[in-house]
Amino acid sequence: MAIEGFVAIYIFMLAGFAGFEVISRVPVILHTPLMSGSNFVHGIVVVGAMVVLGHAETLPEQIIGFIAVLLAAGNAVGGYVVTERMLDMFKSKDEQKKGAQE
């Protein structure tokens, strides 16, 4: 069963609104664990993009699939970089100096 037309747009808009409402109510102390969980989801998106690219038959489908894989991979890597920077903010000054010397 394929979702088509306005139903797909409606579901997309509803998911975006629900996601915004949920994330905006997360306390600041939980942002780092939330980022780690979202990185897991980004990994699933990369796998999904690769599966879609594998099923692409025409050249435009392959181009769009390739771009989807690139964007998903960049999103996942960026998420891990941001999480690492957030975790560095919680380190003490001694731990930061020790990490800089290595």
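Cut-offs and rules
- Residues numbered from 1 in each chain as written.
- Predicted model: local features only at pLDDT ≥ 70, side-chain atom pairs only at ≥ 80, totals over all residues.
- Heavy atoms only, no water.
- Salt bridge = Lys/Arg side-chain N within 4 Å of Asp/Glu carboxyl O.
- UniProt positions renumbered as here; feature names shortened; annotations may be inferred.
- Helix = DSSP H or I, 4+ residues; strand = E, 2+ residues; numbered from the N terminus.
- pLDDT = per-residue confidence, 0-100.
- Patch = residues over 30% accessible without salt bridge, like charges linked within 9 Å, V, L, I, M, F, W, Y side chains within 5 Å.
- Areas by Shrake-Rupley, 256 points an atom, 1.4 Å probe, with all protein chains shown as cover.
- Buried < 20%, exposed > 50% of the residue type's maximum accessible area, 1.4 Å probe, protein only.
- Contact = heavy atoms within 4.5 Å.

## Describing the pattern of salt bridges
All told, the structure shown has 1 salt bridge when counted by the stated rule. Measuring nitrogen to oxygen at the nearest pair gives 2.5 Å for the salt bridge that ties Glu21 to Arg25.

## Overview of the UniProt feature "transmembrane region" (unreviewed entry) in the protein chain
In the numbering adopted here, UniProt assigns the feature "transmembrane region" (unreviewed entry) to residues 6-28, 40-56 and 62-83. Structurally, residues 40-56 is divided into 88% helix and 0% strand, and its ends, taken at the C-alpha atoms, are 25 Å apart.

## Structural notes on the confidence of the model for the protein chain
When pLDDT is averaged along the protein chain, the result is 81; 84% of the residues meet or exceed 70. When pLDDT is averaged over each element of the protein chain, helix α3 (residues 59-89) comes out on top at 86 and helix α4 (residues 93-101) at the bottom at 65.

## Focus on a nonpolar patch on the surface
A surface patch of nonpolar side chains, amounting to about 620 Å² of accessible area, comprises Leu59, Ile63, Phe66, Ile67, Leu70 and Leu71. Here Leu59 shows up in helix α3.

## Focus: the environment of Gln62
With respect to the element layout, Gln62 can be found in helix α3. Assessed through its relative accessible area of 35%, Gln62 is described here as partly exposed. Sequence spacing of Gln62 and Val52 is 10 residues, and the spatial spacing of their C-alpha atoms is 8.9 Å. Beyond its immediate stretch of four places on either side in the chain, Gln62 contacts Leu53, Ala56 and Glu57.

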